[in-house]
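What the coordinates show
Chain by chain, the residues:
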Amino acid sequence: MAKLVQFFENYCEQVELSLGTTSLLSDPAIWIEAVRSTYAPNTLKRMLASKHSDVRRAAAWALSHLGDETHYQALGSLLRDSVRTVRTVADDARRAIAQRTQSPWHRKTASHVEQLLADGCFSSATELASHLVEEADNRADVYMLRAWVRFSDGAIESAVDDCKKTLSLDPFCYQACVALGQCMWHLGRDLVARECYCEAARIYPDWEPARAALQMMTNQ
């Protein structure tokens, strides 16, 4: 058994033990530090291609804590792994990296945009989301956020542009595929919408919104 797999299993055991207690003896972070002292991030990246599913899963878990944006795409290829637990951990790792690599200003601004959107303040939400895009135009998540704002405001064609930009930066963003499909459906382009939903399901077979969208179109 790879040492990394043991670290992962120890971590999971410690997480379970630490629930409901503040005992430092059951702090799961010690196993993350064990990985940090044993494996370089690029070694973990290579381990994502292991023929053993438990190694792939453990490597994805490790990168969720120690990886950065340079590992984001490699994890994306595991979203359609043959083993469901590997797919799930890879998806969690991609989200963890995306959140961890946001600056404090980015997180605060994105939260503000989401609140404006929830309050129905579409103009202000669009303006602030555009400011976020200007400041972090190399990140797929800022375009995805503005796509939702524009879609909610009825600016469907502008939302299409943002979805496409998201996918150009992150081809594994299955959320952008579904969002693009919704835009195309609202524009009356049903065949293109179906293709978008199918692509989302291909990238990450476990994501229910993609299957639900395909089912909806089948029942029409």
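In this numbering scheme, every chain counts its residues from 1 along its sequence in written order. A pLDDT threshold of at least 70 governs which residues receive local features in this predicted model, and a stricter bar of 80 or more applies before side-chain atom pairs are shown or counted, although totals over entire chains, interfaces and linings include all residues. Values shown for side chains rest on all heavy atoms present in the structure; no hydrogens or waters enter the calculation.

**Here we look at the nonpolar core**
Soluble, globular proteins show a tendency: their nonpolar side chains are buried together. Basically, it comes down to this: Take the buried residues of types Ala, Val, Leu, Ile, Met, Phe, Trp, Tyr and Cys, join any two whose side-chain atoms come within 4.5 Å, and each joined set is a nonpolar core. Burial status follows relative accessibility: with a 1.4 Å probe on protein chains alone, a residue under 20% of its type maximum counts as buried, one over 50% as exposed, and anything between as partly exposed. In what follows, residue pairs with any heavy atoms lying within 4.5 Å of each other are defined as contacts.
Leu-4, Val-35, Leu-44, Leu-48 and Trp-61 are the most contacted members of the largest nonpolar core, which totals 58 residues. The contacts of Leu-48, once residues within four sequence positions are left out, are Arg-56, Ala-59, Ala-60, Leu-63, Ala-74, Leu-75 and Leu-78. Of all hydrophobic cores here, the second largest spans 13 residues; its members include Val-113, Ala-125, Leu-128 and Val-142.

**Considerations on the layout of surface pockets**
So the rule is basically this: With a 1 Å grid spanning the protein atoms alone, the term cavity applies to any set of points in which a 1.4 Å probe fits but cannot get out, the term pocket to an open set with protein on both sides within 12 Å along at least five of seven lines, and the term lining residue to any residue with an atom within 4 Å of a point. Grid points are joined across faces, edges and corners, and a volume is the space filled by probe spheres set on the points. Here a strand is any run of E in DSSP of at least two residues, a helix any run of H or I of at least four, and the numbering for each starts at the N terminus. Three classes are used, and their members are as follows: Ala, Val, Leu, Ile, Met, Phe, Trp, Tyr, Cys and Pro are nonpolar, Asp, Glu, Lys and Arg are charged, and the others, Gly among them, are polar.
If you add up the space inside the largest pocket, you get close to 770 Å³. Along the wall of the largest pocket there are 31 residues; nearest its centre are Tyr-72, Ala-98, Ala-140, Asp-141 and Met-144. Secondary structure elements with two or more residues in the lining of the largest pocket: α5 (72–76), α6 (84–100), α7 (104–118), α9 (140–152), α10 (156–169) and α11 (174–186). Of the residues in the lining of the largest pocket, the class split is 15 nonpolar, eight polar and eight charged.

**Some words on the packing of aromatic side chains**
The geometry of two aromatic rings is summed up by the distance between their centres and the angle between their planes. Selection rule: In this scheme Phe, Tyr and Trp rings, the latter by its six-membered ring, pair at centre separations within 6.5 Å, and the angle between planes marks the pair as stacked below 30 degrees, edge-to-face above 60, and tilted otherwise. Look at NZ for Lys and CZ for Arg. If either is within 6 Å of the ring centre and within 35 degrees of the ring normal, a charge sits over the ring.
Enumeration over the complete set of coordinates arrives at six aromatic pairs. Taking the centre distance of 5.3 Å and the plane angle of 50° together, the rings of Phe-8 and Trp-61 count as tilted. Here the residue Phe-8 occupies a position in helix α1 (residues 3–18), and Trp-61 occupies one in helix α4 (residues 53–66), the gap between them amounting to 53 residues. Grouping residues by exposure puts Phe-8 and Trp-61 together as buried. Taken together, a centroid distance of 4.8 Å and an interplanar angle of 40° make the contact between Tyr-174 and Tyr-204 tilted. Here Tyr-174 is found in helix α11, whereas its partner Tyr-204 is found in the loop between α12 (190–203) and α13 (208–219), with 30 residues between them in sequence. Judged by its relative accessible area of 2%, Tyr-174 falls in the buried class. A cation over an aromatic ring shows up here: Arg-94 above the ring of Tyr-72, its NZ or CZ 4.1 Å from the ring centre.

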